[in-house]
Amino acid sequence: MTTTPPWLRAIDAAGLRDADGTVRATIFAEMSALAAQHDAINLGQGYPDEDAPAPVTEAAIAAIRAGLNQYPPGRGTPELRGAVAEHRERFFGERRDPDTEVLITAGATEAIAAAMLALVSAGDEVVTLSPFYDAYAAMVGLTGARHVTIPLEGDDFQPTAAAIDAAIGPNTRMVLLNNPHNPTGSVIAPEHLARIVAAAARHDAVIVSDEVYEHLVFDDAPFTPIASIPGAAERCLTISSAAKTFRVTGWKVGWMTGPAELIDAAMAVKQYLTYVNGAPFQPAVAVGLGLGDDYFAEQRRTLAARRDRLSAGLAAAGFAVSPSRGSYFVVADAAPLGVSDAKRYARELTVERGVAAIPLAAFDPRSRDARIRSSLRFAFCRTDGQIDEAVRRLTSGR
């Protein structure tokens, strides 16, 4: 009997294999290559085109010059683990022991992979919101678990109570959340988080919360870390990263906080993935986490203004634009333009208008929701000039 190897399960789960068996590149790689080929403004991938704050980059340079270029401790440097613990308490009131309840990882993606490989077995169920960051499905495929989704509905992309209760059941081993949410830009309301916690507790499931956009919440919208909800802390691993907050997506420095026994389980796997990472970047990220409140507030103000700039331009171009409460992204439905297949339309926009975006269907390839099939995700983590030029291209000829 032939079994499907884990890597191929991951490819299939991500929807990257054609009927003839051909393995395709991700839509992100495809659209970025197409954007480069046609000199398009790339509003597809979520990376900023501005550098990190100077104190952070200078700290990395100083660490390299000081010779901090060899293996750091397996759990991360004491300096960064301490900074993560202080940051969690400063902003969210959560106290964690930096020695036993904090783990430094090679970005948030490795943290999620380590947690899933440590805690999920073949035959378990992993629940995510839908649409979902594409790596989630691939990781579920690696474990051999079953992927169950909670659809986000309405203009503001929120889950319903009925959908939460239907998805989380006796076979659920892990609930993997992303809040603030990529790709929709929604911030999940506290009452929905509370219902998720209650359902997870009822079925003894672990919660893994990907909160990399924790500081990028707009319009004074409240952000509730799920670990702060009663009943969550003892079963929750919270994951974040330096990438989005400090504009260093290439550094790949992330972290995980939670109960010591869950951290130990993830560490047991993580040591056989990257082992360690980013020695000179770890003290630099510690500096970033200690920046004043004004830095984090200015980040929010700047990105909110760029979101507004792009959203207005998309509306002027004829899209139906959903509100973005957080993250780097805004969703725009092209159905009013007569579009039903956003995958094809994304390629047309890149070639004909010189603006690249990602079809929302890439974040749930099996969805039959018409709005998901006709919508695009645009990134507004670009300079004002880049956004203005993208808007000019999108609206030209109208």
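Residues numbered from 1 in each chain as written. Predicted model: local features only at pLDDT ≥ 70, side-chain atom pairs only at ≥ 80, totals over all residues. Heavy atoms only, no water.

Per an unreviewed UniProt entry, the protein goes by the name Succinyldiaminopimelate aminotransferase and belongs to Microcella alkaliphila. Its UniProt record, at the heading Cofactor (unreviewed entry), says of the protein: "pyridoxal 5'-phosphate". Heading Sequence similarities (unreviewed entry) of the UniProt record for the protein holds this comment: "Belongs to the class-I pyridoxal-phosphate-dependent aminotransferase family." (UniProt positions renumbered as here; feature names shortened; annotations may be inferred.)

A.B. asks: How should I be thinking about the sheet that holds strand β7 (residues 236-241) in this particular structure?
C.D. replies: The strands that make up a sheet pair up through hydrogen bonds in the backbone, lying either parallel or antiparallel. Read across the sheet, seven strands follow the order β2-β8-β7-β6-β5-β3-β4 without closing on themselves; strand pairing throughout is mixed. Edge strands, defined here as strands with exactly one partner in the open sheet, are β2 (102-105) and β4 (146-151). Adjacent strand axes in the sheet meet at a mean angle of 20°, parallel and antiparallel pairs treated alike. One ladder, built from four bridges, connects β7 with strand β8 (residues 254-257); its direction is antiparallel. Directly across from Ser240, in β8, lies its bridge partner Trp255. (Pairing = 2+ DSSP bridges. Helix = DSSP H or I, 4+ residues; strand = E, 2+ residues; numbered from the N terminus. Axes fitted to C-alpha atoms, helices over the stretch in contact; angles between N-to-C directions.)

A.B. asks: I tried to follow the sheet that holds strand β9 (residues 320-321) on my own but got confused; where do I start?
C.D. replies: Sheet architecture is open: four strands sit in the order β9-β10-β13-β12, paired in antiparallel fashion. The sheet is open, and its two edges are formed by β9 and β12 (358-359), each paired on a single side. The pairing of strand β10 (residues 329-333) with strand β13 (residues 375-379) spans five bridges and is antiparallel. What sits directly across from Ala332, in β13, is Leu376. Helix α12 (residues 293-316) rests against β9, β10 and β13 of the sheet, and its axis sits at about 10° to β10. (Contact = heavy atoms within 4.5 Å.)

A.B. asks: Even after reading the chapter, I still don't get the domain arrangement of the protein, so can you show me in this structure?
C.D. replies: When the parts of a complex come together, some accessible area is lost, and that lost area is often taken as the interface size. Assigned domains within the protein: domain 1 (6-51 + 295-395) and domain 2 (54-290). Taken over C-alpha atoms, the centre of domain 1 sits 24 Å from the centre of domain 2. Across the boundary between the two partners, domain 1 contributes 39 residues, which contact 42 residues of domain 2. Summing both partners gives a buried area of about 3,300 Å² for domain 1 against domain 2, and 58% of it is carried by carbon and sulfur. Together, Phe296, Arg325 and Phe363 form the three largest contributors to the area buried by domain 1 at its contact with domain 2, with a combined 20%. On inspection of domain 1 and its partner domain 2, the count reaches two salt bridges. A salt bridge links Arg325 to Asp219; the nearest nitrogen and oxygen atoms lie 3.7 Å apart. Linking domain 1 with domain 2 are 18 residue pairs in polar contact (both at pLDDT 80 or more), by the criterion used here. Among the secondary structure elements, those contributing two or more residues to the side of domain 1 that touches domain 2 are α1 (6-13), α12, β10 and α14 (370-374). (Domains from an automatic or database assignment. Buried area = accessible area lost by both parts, 1.4 Å probe. Salt bridge = Lys/Arg side-chain N within 4 Å of Asp/Glu carboxyl O. Polar contact = N/O pair within 3.5 Å; in protein donor to acceptor, adjacent residues only side chain to side chain.)

A.B. asks: Which parts of the structure should I look at to understand the UniProt feature "domain: Aminotransferase class I/classII large" (unreviewed entry) in the protein?
C.D. replies: In the numbering used here, UniProt assigns the feature "domain: Aminotransferase class I/classII large" (unreviewed entry) to residues 39-394. From the first C-alpha to the last, residues 39-394 spans 14 Å; its make-up is 41% helix and 16% strand.

A.B. asks: How should I be thinking about the layout of surface pockets in this particular structure?
C.D. replies: Its volume calculated, the largest pocket comes out at about 530 Å³. Forming the boundary of the largest pocket are 25 residues, of which Gly46, Thr109, Tyr133, Tyr213 and Lys244 lie nearest the centre. Elements represented by at least two residues in the lining of the largest pocket include exactly α5 (107-119), α6 (134-143) and α9 (242-245). The leading source of residues in the lining of the largest pocket is α5, at four residues. Residue classes in the lining of the largest pocket are distributed as twelve nonpolar, eight polar and five charged. When residues of the lining of the largest pocket are assigned to domains, at least three fall in each of domain 1 (6-51 + 295-395) and domain 2 (54-290). (1 Å grid on protein atoms, 1.4 Å probe; cavity = no way out; pocket = protein on both sides within 12 Å on 5 of 7 lines; lining within 4 Å. Points joined across faces, edges and corners; volume = space filled by probe spheres on them. Nonpolar A, V, L, I, M, F, W, Y, C, P; charged D, E, K, R; others polar.)

A.B. asks: Would you explain the side chain of Asn179 in this entry?
C.D. replies: Considering the arrangement of structural elements, one finds Asn179 in the loop between β5 (172-178) and α8 (190-202). A residue is classified by how much of its surface remains accessible, and Asn179, at 2% relative accessible area, is buried. A polar contact of 2.8 Å, which involves the side chain of Asn179, links it to the backbone nitrogen of Ile188. (Buried < 20%, exposed > 50% of the residue type's maximum accessible area, 1.4 Å probe, protein only.)

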